[in-house]
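A look at the structure
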Protein chains: 2
Amino acid sequence: MIPSILLRSLVHSKSCRSSAVVTRLQHSWNYEDNGSQGSRYPRHHAILAGVVGAGAGIALWLKYHLTAEAASSLLVADKEVAEYGAYKDGMPEYTLEDVAKHDTVDKRVWVAYRHGVYDITDFINEHPGGDKILMGAGGSVEPFWALYAVHKNPHVLKIFENYRIGNLAAQDVGAMVKDMSDPYGNEPRRHVTLKPASQKPFNAETPLAFLAENLITPNELFYVRNHLPVPEVDAKTYELEIVDETLDKEKMIKLSDIKKYPKHTITATIQCAGNRRSEMMKVKPVKGLSWGQAAIGNATWSGARLCDVLKDMGVTLENTTALHVQFEGLDTDPASMPYGSSIQIEKALDPQGDVILAYEMNGEPIPRDHGFPVRVVVPGVVGARNVKWLGKIVISEKESDAHWQQNDYKGFAPNIDWDTVDFTKSPAIQELPVISAICVPEEGETLKVVDGKVSLKGYAWSGGGRKIIRVDVSTDGGKSWQESDTLVSDTARHPRAWGWSLWEAEVPVSEGISETRLCVKAVDSQYNTQPENFENIWNLRGVINNAYHRVNVKLTR
Amino acid sequence: MIPSILLRSLVHSKSCRSSAVVTRLQHSWNYEDNGSQGSRYPRHHAILAGVVGAGAGIALWLKYHLTAEAASSLLVADKEVAEYGAYKDGMPEYTLEDVAKHDTVDKRVWVAYRHGVYDITDFINEHPGGDKILMGAGGSVEPFWALYAVHKNPHVLKIFENYRIGNLAAQDVGAMVKDMSDPYGNEPRRHVTLKPASQKPFNAETPLAFLAENLITPNELFYVRNHLPVPEVDAKTYELEIVDETLDKEKMIKLSDIKKYPKHTITATIQCAGNRRSEMMKVKPVKGLSWGQAAIGNATWSGARLCDVLKDMGVTLENTTALHVQFEGLDTDPASMPYGSSIQIEKALDPQGDVILAYEMNGEPIPRDHGFPVRVVVPGVVGARNVKWLGKIVISEKESDAHWQQNDYKGFAPNIDWDTVDFTKSPAIQELPVISAICVPEEGETLKVVDGKVSLKGYAWSGGGRKIIRVDVSTDGGKSWQESDTLVSDTARHPRAWGWSLWEAEVPVSEGISETRLCVKAVDSQYNTQPENFENIWNLRGVINNAYHRVNVKLTR
């Protein structure tokens, strides 16, 4: 089954505004659910609006050939779909390295899909989709098909299979070759389009334009934030240790034990505290990875609720003296010290807090880079507390004493520098404030003016379960504003709105100008707004970079 | 008993920084409680720092005479205290109108206390306290003694009684004379120092400087926001109607029934959505009362938890299909339509949401202006939902359809005007975002530079149970910032920190300048910050006025 949220997320082009968006204005604004959009089929020209990436050519083909009836077959076609991309006897074998060499039209454009290798150059020529069509070239096409779910359709795959030129080498379908002499010698394979901010530990963000394409960020394209080498954990022998320091109790539970609890699924955005740090750095240098605007992603997560697991140990908000729940990862530093972090007990034990011991991400086992086999998902709270490869939970009167809780991921006043900072004086970041970004266009791009207007799209999100209620955009550097045309999210409502919203806007630009500055700012359901500039929120660690996002573009008519 | 919070609130002068504030930095920053400050006695010179108002002269006297031992007697002296200010046979009788005429030293300064009238002119001369000492002149001295709790001490009252000149006329100790021909002819008597924004309905704010003096705002000085005439409700016959539309159930409960539920006490700030509107108005006119920075106050509220009362009707989060809880007041318009408003069911039924049917304000029956005999207190949520003179509760799938829910108290983008506004397109304001203000000095004042520094104080608050974690101040118009020296609040922690924080700062000013602009901005426990300016948050209704607060002052050395 394709999750209904993927279908729903397709309903955010302008052509569907009369159904999806107006529904939302009437109901969701009143803090109501916005109906059962999952059962609606988008019109086929809506499905395909704004398509980018390696699958774009196919999507453009669909624009002319797919009927609404065919689109509805998306819901039932999974079995048939599985036949395509299988190993085929007698075809030449290529490695991912071979595929990667073919990333331009001149060199021919190759992509991989499951066990198959495809040369889609002629397809691209037949249905040109602009420069962006090449962003996925030289890698696996699968994550892009997760972005544009319509591709997982027999009609599409049958055509696609015509471009098959070989089989993908067996070792490239699985994991990478291990090098045990390097602590980072056993990392999972990553998608070629991820944009690394550092290699060891591996940290990388999604190409920005992809983020605004689908409410759900595909696993392979989801930003990666690792602090240490990725541990290899065997799900069969995996055990989670749970200690209650206040009652001097402890127990071990297996993955199969965790799966016995009711399976709880939430849609939640996870964001690094340093997302958009590269913008703050322009004011004055800070320490930290130079993230763009894509150290953020939105996924569905399934697992056992932490409050259910802890209730079984007799821990409830009414009876515990604990103030914090600490988490330790199975990832360790050279001194064998694990990654660690903690959250407040109120969040951990509140059934409405939706903290889960997650074993699935977007309906699949959590990938290694994202915490296989179990990560804690603390929705609404900074990524650093969503501990991956979860090894230990400690119920305590104290916060985690790990570096990442005590001496990192905290904010300070703009006058505090590394000579004067006292990390005990600021609270550890937990819930993140409201933020937004323009994903399309990107800085420096040339934007086509159509009927006096330009088109923008992007995301907006707030932590703490606050829902985005409005996004304002400006095409004159912030002198004037108008509300976005569409604003789409899942149906969760404040104070459990853990997922982001995607927005699109067509905005007039002044006549005669050849360049301008675009801006975006968002408002959440607590009516919190973003700070205007980075100067007054500057902090030495470069966290909470939520000033207005500004993008300079050239205009063509 | 004097509430311990009053004592605790005295511990926020600089001289006590080493105890109260450092404690807070070490514990509360880690989201810990900050200890049992209620059991500490402030040093007597700390108690009296920064005293203003009609009681200032007495406070200054105490500065020289009160010992720490005497201060501790505050805890036990209530009985003895009650003897002072009683009716005295043979003394002349004066009305409050008579007292009001004596509001300057030239005319002699009179004040009222319970049944007594006092001429404190000679006391003021003996212990001058600056211009502010006269702010309470011509009115009742009692609210100021609530601000400076140390006054309710036999030592003080005995001296004070020496200045007794008469009895207050009986009708002035009780309510005002009724005029039944005027819908506003039966309003409660208000304290002379309240600054009216409108008379009918009565709306008035606290003199700004008083707000920063005590964590608890005295009842008589608490800002008043009425939408309609104040109803006269008899507590003996009062009944509250509760209707569950989803189950077609209803019942009536009396005040005595409400008092049978466990008494739940919270400290919560209530703020009007339009607080600080006068600042936004400078950008472009808006509709609404021209509030300064004091349409906000902090009080303790006691009553029954709404979730307990509704549980008795079988309504819990787990089993109800309702989405909203509507409230109606007993105040009505000329067409007999009541004031109305609603909140989300999640807030109403969450035991951690702390919504209460309050019958006490600061330990006393709720005053008429604040909702006698019962108002709902929805902590962290805009004042408009904290419905006073509560007459009816409706559990519903729909929001209240009252004007104040549907067509008022909503925010919009800056480009929306009264010709283009569509009130269905914005959600009703519920939780309010982070805000702060400088209370001392006020706009246009002359400030003394001592050792190159000036002293500021004020408040900071955020809705939704978010706690203030930092206040930054600037004495150069926002070019540079430093953190406040002290930041004091009650011990509640995120996400149930309903009360505000008071802050003080001594900040260097540039040499040689004779005027400057002071600024303040705050950060809450979700790391939300304030917007810099009003331009980009401007909205036609003038709500959510939480840009940095800026105060222009002259400097003297």
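Anything mentioned here points back to the structure above.
What counts and how
Residues numbered from 1 in each chain as written. Chains lettered and ligands numbered in written order. Predicted model: local features only at pLDDT ≥ 70, side-chain atom pairs only at ≥ 80, totals over all residues. Heavy atoms only, no water. Helix = DSSP H or I, 4+ residues; strand = E, 2+ residues; numbered from the N terminus. Polar contact = N/O pair within 3.5 Å; in protein donor to acceptor, adjacent residues only side chain to side chain. Least-squares fit on C-alpha atoms with pLDDT ≥ 70 in both. Contact = heavy atoms within 4.5 Å. Phe/Tyr/Trp six-rings, centres within 6.5 Å; stacked < 30°, edge-to-face > 60°. Buried < 20%, exposed > 50% of the residue type's maximum accessible area, 1.4 Å probe, protein only. Lys NZ or Arg CZ within 6 Å of the ring centre and 35° of its normal. Core = buried A, V, L, I, M, F, W, Y, C linked by side-chain atoms within 4.5 Å. Pairing = 2+ DSSP bridges. Axes fitted to C-alpha atoms, helices over the stretch in contact; angles between N-to-C directions.

1. Some thoughts on the environment of Ser278 of chain B
Residues and elements named next belong to chain B. If you trace the backbone, Ser278 turns up in helix α14 (residues 277–281). When the C-alpha positions of Ser278 and Gln293 are compared, they lie 8.5 Å apart, and in sequence the two are 15 residues distant. Reaching out from Ser278, the side chain makes a polar contact with the backbone oxygen of Trp291 at a distance of 2.7 Å.

2. Let's talk about the relation of the copies chain B and chain A
The operation relating chain B to chain A is a screw motion whose rotation component is 180 degrees, with 0.0 Å of axial translation and a residual RMSD of 0.1 Å. Interpreted geometrically, this transformation is the action of a two-fold axis. It is Pro531 of chain B whose C-alpha, among those of chain B, lies nearest the rotation axis, at 2.3 Å. Both copies present the same face, since 100% of the interface residues in chain B are matched by interface residues at the equivalent positions in chain A.

3. Quick look at the packing of aromatic side chains
Counted under the stated rule, the structure contains 23 aromatic pairs over all chains. Between Tyr94 of chain A and Trp110 of chain A, the ring centres sit 4.7 Å apart and the planes meet at 65 degrees, which makes this aromatic pair edge-to-face. Taken together, the residues Tyr94 of chain A in strand β1 (residues 93–94) and Trp110 of chain A in strand β2 (residues 110–113) connect sequence positions 16 residues apart. Residues Phe412 of chain B and Phe423 of chain B carry aromatic rings whose centres are separated by 5.1 Å and whose planes lie at 85 degrees to one another, so their mutual orientation is edge-to-face. Of the two residues, Phe412 of chain B is situated in the loop between α17 (403–406) and β18 (435–440) and Phe423 of chain B in the loop between α17 and β18; the sequence distance between them amounts to 11 residues. Here the two residues Phe412 of chain B and Phe423 of chain B agree in accessibility, since each one is buried. One aromatic cluster is present, formed by Phe222, Tyr223, Trp291 and Trp301 of chain A through successive ring pairs. Between Lys284 of chain A and the ring centre of Trp538 of chain A, over which it is positioned, the NZ or CZ distance is 4.1 Å. Here Arg541 of chain A stacks its cationic end above the ring of Tyr409 of chain A, 5.9 Å away from the centre of that ring.

4. Examining the nonpolar core
Ranked by internal contacts, the top residues of the largest apolar core, which has 63 residues, are Phe327, Leu357 and Leu390 of chain B. Considering each element in turn, this core owes the most residues, four residues, to β18 of chain B. Setting aside residues up to four positions removed in sequence, Leu357 of chain B forms contacts with Leu240, Ile258, Ser302, Gly303, Ala304, Leu306, Val309, Val374, Arg375, Val376, Leu390 and Ile393 of chain B. Judged by nonpolar contacts, the second largest core, of 62 residues, contains Tyr238, Ile395, Tyr409 and Val440 of chain A.

5. Points about the sheet that holds strand β23 (residues 486–488) of chain B
Across a sheet, paired strands are connected by hydrogen bonds in the backbone, their directions being either parallel or antiparallel. All names here are of chain B. What the four strands build is an open sheet, ordered β18-β20-β24-β23; its pairing is antiparallel. With one partner strand each, in any of the chains shown, β18 and β23 form the two edges of the open sheet. On average, each strand axis in the sheet is tilted by 25 degrees relative to the strand beside it, whichever way the strands run. Sheet analysis places β23 next to strand β24 (residues 501–508), joined by three bridges and oriented antiparallel. Considered in β24, the bridge of Thr486 is made with Glu504.

6. Focus: the sheet that holds strand β6 (residues 203–205) of chain B
All names here are of chain B. Ordered by their spatial adjacency, three strands build an open sheet running β5-β6-β7, and the pairing between neighbours is antiparallel. The outermost strands of the open sheet, each flanked by one partner alone, are β5 (195–198) and β7 (224–225). By the bridge criterion, three bridges tie β5 to β6 in an arrangement that is antiparallel. Across the sheet, Pro196 pairs through a bridge with Ala204, a residue of β6.

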